[in-house]
Amino acid sequence: MKVVVVKNYNEISFQAAQLITDQIINKKNSVLGLATGSTPIGVYQELIRKFQKGELDFSKVVTFNLDEYYGLSPEHPQSYHFFMWNILFKHINLKKENIHLLNGITENIAKECKQYEDLIQKSGGIDLQILGIGDNGHIGFNEPDISLDTRTHLVNLTAKTIRANSRFFNNAQEVPKQAITMGIGTIMQAKKIILLANGKRKARVVERTINGPITTKVPATVLQLHNDVTIIVDQEAAFQFASQQ
Ligand code: PGA
């Protein structure tokens, strides 16, 4: 694992956007795995800025999002469809047919998951996967104690994740209790992975992800087994990790 410690959130966004830019410049039809949550918002803003300045062209880029709440329609303001369109997609020149998100209101979960996996394979696999990390070590919505070789599947969200994500809803009751997510096995097949974390809240989980034993209790620890992972963290999130160096 390569760990890059930068000064602050803006610097994380800047560095991650630069890696994504390099990827797209090297391979115009790159397949990107995208994440939601607060952490990658700055990266997306930086990508939009680069696009507007004419430095980036997304016309051949293909995207797959990590996850979607089960039970929320694409039009729901808290759905990840809605988030992605507003935060990124509507501002850049990705082709609609090249954008892939899981359907949270599918009537056939098994089919939806299988189709998603097939589409990822058909597009040649994910070249670069962006990840945030939950306080409990989840990546995508792969919660602790999930098996480490799963493919896209339906998961039950933990009380901790529901509580953490309730900040985007009116209250915790409104947060869906399940989600569809790429599995750890799907994520591990990405050729390159960039994991981003900022703030004190993430310091402990960042330290465990980098130095801890590989365990299903902290799903992100499995990334230690991947051969091309870059973790970009600010000084606050690096605090526990750095204090051990
Ligand atoms: P956050 O979420 O970026 O909002 O902290 C990360 C995650 O839960 O994966």
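Residues numbered from 1 in each chain as written. Predicted model: local features only at pLDDT ≥ 70, side-chain atom pairs only at ≥ 80, totals over all residues. Heavy atoms only, no water.

The name given to the chain in an unreviewed UniProt entry is Glucosamine-6-phosphate deaminase, with Candidatus Sediminicultor quintus as the source organism. What UniProt states about the chain under its Sequence similarities (unreviewed entry) heading is, verbatim, "Belongs to the glucosamine/galactosamine-6-phosphate isomerase family. NagB subfamily." Entered under Pathway (unreviewed entry) in the UniProt record, the comment concerning the chain runs "Amino-sugar metabolism; N-acetylneuraminate degradation; D-fructose 6-phosphate from N-acetylneuraminate: step 5/5." (UniProt positions renumbered as here; feature names shortened; annotations may be inferred.)

Pairing in this open sheet of seven strands is parallel, and the strands run β1-β10-β9-β6-β2-β3-β5 from one edge to the other. Among the strands making up the open sheet, the edge pair consists of β1 (2-6) and β5 (99-100). Pairing analysis gives five bridges linking β1 to strand β10 (residues 229-234), with the strands arranged parallel. Counterpart to Val5 in the pairing with β10 is Val233. Sheet contacts for helix α4 (residues 109-122): β3 (62-65) and β5; angle to β3, the most-contacted strand, approximately 150°. (Pairing = 2+ DSSP bridges. Helix = DSSP H or I, 4+ residues; strand = E, 2+ residues; numbered from the N terminus. Contact = heavy atoms within 4.5 Å. Axes fitted to C-alpha atoms, helices over the stretch in contact; angles between N-to-C directions.)

Before going further, it helps to examine the pairing of strand β7 (residues 153-156). What you see with β7 is a clean split: His153 and Val155 sit on the buried side and Leu154 and Asn156 on the side with no burial. Bridge analysis of β7 against strand β8 (residues 178-181) gives four bridges, and the strand direction is antiparallel. If you follow Asn156 over to β8, its bridge partner there is Gln178. (Buried < 20%, exposed > 50% of the residue type's maximum accessible area, 1.4 Å probe, protein only.)

As annotated by UniProt and renumbered to match this structure, "active site" (unreviewed entry) occupies Asp67, Asn136, His138 and Glu143. Residue position: Asp67 is located in strand β4 (residues 67-69). Discounting chain neighbours no more than four positions away, the residues touching Asp67 are Thr36, Tyr80, Leu102, Gly140, Phe141, Ile180 and Thr181. Tracing the backbone shows Glu143 in the loop between β6 (128-131) and β7. Glu143 has contacts with Asn136, His138, Asn156, Leu157, Thr158, Thr161 and Pro219, leaving out every residue within four places of it along the chain.

A few words now on the site of the ligand. All residues in the neighbourhood of the ligand are listed as Gly37, Ser38, Thr39, Gly132, Ile133, Gly134, His138, Arg167, Arg201 and Lys202. Between Thr39 and the ligand, the recorded distance is 2.4 Å, taken from a side-chain N or O atom to an oxygen atom. Contact with the protein chains hides 87% of the accessible area of the ligand, taken as 280 Å² for the molecule alone. When grouped by side-chain class, the residues that make up the shell around the ligand number one nonpolar, six polar and three charged. (Near = heavy atom within 4 Å. Polar contact = N/O pair within 3.5 Å; in protein donor to acceptor, adjacent residues only side chain to side chain. Areas by Shrake-Rupley, 256 points an atom, 1.4 Å probe, with all protein chains shown as cover. Nonpolar A, V, L, I, M, F, W, Y, C, P; charged D, E, K, R; others polar.)

Next up on the list: the pattern of salt bridges. A side chain with one charge can pair with a side chain of the opposite charge if their charged atoms come near. By the definition in use, this model includes nine salt bridges. Note that Lys191 and Asp127 form a salt bridge whose closest N and O atoms lie 3.3 Å from each other. With Lys191 in the loop between α6 (184-188) and β9 (192-197) and Asp127 in the loop between α4 and β6, this pair connects stretches of sequence that are 64 residues apart. With its nearest N and O atoms 3.8 Å apart, the salt bridge here joins Asp145 to Lys217. Here the residue Asp145 occupies a position in the loop between β6 and β7, and Lys217 occupies one in the loop between α7 (203-211) and β10, the gap between them amounting to 72 residues. The pair formed by Asp145 and Lys217 is uniform in burial state, with each residue classed as exposed. Members of the salt-bridge network, linked through shared partners, are Lys27, Asp127 and Lys191. (Salt bridge = Lys/Arg side-chain N within 4 Å of Asp/Glu carboxyl O.)

As a further point, take the nonpolar core. With 45 residues, the main nonpolar core has Phe64, Tyr69, Leu131, Ile139, Met182 and Leu223 as its most contacted residues. Elements with a minimum of two residues in this core: β3, α4, β8, α6, β9, α7 and β10. Not counting residues within four places of it along the chain, the set of residues in contact with Ile139 comprises Leu131, Gly132, Ile184, Ile187, Leu195, Pro219, Ala220 and Leu223. Val6, Ile12, Val43 and Leu94 belong to the second largest nonpolar core, which has 29 residues in total. (Core = buried A, V, L, I, M, F, W, Y, C linked by side-chain atoms within 4.5 Å.)

Before going further, it helps to spend a moment on the sheet that holds β8. Strand order across the open sheet formed by three strands is β4-β8-β7, with antiparallel pairing between neighbours. Because the sheet does not close on itself, it has two edges, and the strands there are β4 and β7. Taking the axes of each pair of neighbouring strands and ignoring which way they run, one obtains an average angle of 25° across the sheet.

The sites that carry the UniProt feature "domain: Glucosamine/galactosamine-6-phosphate isomerase" (unreviewed entry) are, in the present numbering, residues 17-228. End C-alpha atoms of residues 17-228 are separated by 17 Å, and the span's content is 31% helix alongside 15% strand.

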